[in-house]
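Here's the letter readout for the chains.
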Amino acid sequence: MSLCARLLFLLTLVSLTSGTAFAELPRGVVEAAQRTVLSSELSGLVASLPKREGDSFSKGETLAQIGCALYEAERQKVAIRLRQAERVLDNKQRLSNLDAVGTLEVNLADLAVQEKAAELEIARLNTDRCLVKAPFDGRVVKQHISEYQSVQPQQKLLEVVGQQLEARIIIPATWLTWLENGEKVVFSVEETGTMVEGQVVRIGAAVDPVSHTLPVWTRLSSDNGDLRPGMSGTARFPGRPGEESQ
């Protein structure tokens, strides 16, 4: 690298790390605090998809339903076997009171009841898995399957994001001398032209050795319903030393 090229590189690096323009307007991207892909826990036919891409939902709401006729029939069969085992145990206990059977037979009958009760719990869990519930309040980002499609365990169903949004903002490492969690932030969203208030909730654990910057995450106010993950903008920190004089 020539001497001129090296000087140009150093000047560019200095302007990025300590320049006034960067310090005044650090940039950020809106991210969802919660984001996950919901998968099927069993095989079956997709009976319904009440929510589509872009739809909002509440925690605990059904987002997908897998056909459960086979699992429901299995649950009913196990429930009948449990009642049979309970009657056998009741009969053994009555006979034991008359000294007609030994303690071993009563204990075996009792173990049979416990076994059937455990099988019934497994069957109940399988039927519960037929309903895919929302883990948090949010929106559907992407739909990986369609109604009446056969799915297998671990197959992707829906990608969802939570309603709580954060801004991932890149700041100069020198700001660590005053920046703390709870610091107030005003985030200007380019796509909507709106300004959203927030506060710093996390500070990056490592500094980039080239740019001498690091990310901070700001929890944004949930009052603005126009915000979406992926939007970008600039951030102002009212509590930054010298901010009021600029």
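Residues numbered from 1 in each chain as written. Predicted model: local features only at pLDDT ≥ 70, side-chain atom pairs only at ≥ 80, totals over all residues. Heavy atoms only, no water.

(A) Looking closely at the state of the cysteines. Throughout the structure, instances matching the rule amount to one disulfide. At a sulfur-sulfur separation of 1.4 Å, the disulfide partner of C68 is C130. Measuring the twist about the S-S bond at about 80 degrees, one finds the C68-C130 disulfide to be right-handed. Of this pair, C68 sits in the loop between β5 (62-66) and α3 (69-97) while C130 sits in the loop between α4 (103-128) and β6 (131-133); the two residues are 62 residues apart in sequence, bridging distant segments of the chain. Residue classification places C68 among the buried positions, given a relative accessible area of 18%. (Disulfide = S-S within 2.5 Å. Helix = DSSP H or I, 4+ residues; strand = E, 2+ residues; numbered from the N terminus. Buried < 20%, exposed > 50% of the residue type's maximum accessible area, 1.4 Å probe, protein only.)

(B) Main features of a nonpolar patch on the surface. Nonpolar side chains collect at one region of the surface, where L104, L108 and L111 lie side by side and expose about 320 Å² of accessible area between them. Considering the arrangement of structural elements, one finds L111 in helix α4. (Patch = residues over 30% accessible without salt bridge, like charges linked within 9 Å, V, L, I, M, F, W, Y side chains within 5 Å. Areas by Shrake-Rupley, 256 points an atom, 1.4 Å probe, with all protein chains shown as cover. Salt bridge = Lys/Arg side-chain N within 4 Å of Asp/Glu carboxyl O.)

(C) Examining the packing of aromatic side chains more closely. Evaluated as defined, the whole model comprises three aromatic pairs. Between W175 and F237, the ring centres sit 5.3 Å apart and the planes meet at 80 degrees, which makes this aromatic pair edge-to-face. Placement of the pair is W175 in the loop between β10 (165-172) and β11 (184-189) and F237 in the segment after β14 (232-236), with a sequence separation of 62 residues. Pairing W178 with F237 gives two aromatic rings, centres 6.2 Å apart and planes at 80 degrees, and the pair type is edge-to-face. Taken together, the positions of W178 in the loop between β10 and β11 and F237 in the segment after β14 put the pair 59 residues apart, joining distant regions of the chain. Side by side, W178 and F237 carry an identical accessibility label, which is buried. Clustering of aromatic rings is evident, with ring pairs tying together W175, W178 and F237. (Phe/Tyr/Trp six-rings, centres within 6.5 Å; stacked < 30°, edge-to-face > 60°.)

(D) Summary view of the pairing of β11. As paired elements, β11 and strand β12 (residues 195-203) share five bridges and run antiparallel to each other. Counted as the bridge partner of K184 is Q199 from β12. The antiparallel pairing of β11 with β12 creates a hairpin that spans five residues between the two strands, and G193 there sits at a positive phi of about 75 degrees. Where β11 and β14 come together, four bridges link them in antiparallel fashion. Across the sheet, the residue bridging to V186 is R236, located in β14. (Pairing = 2+ DSSP bridges.)

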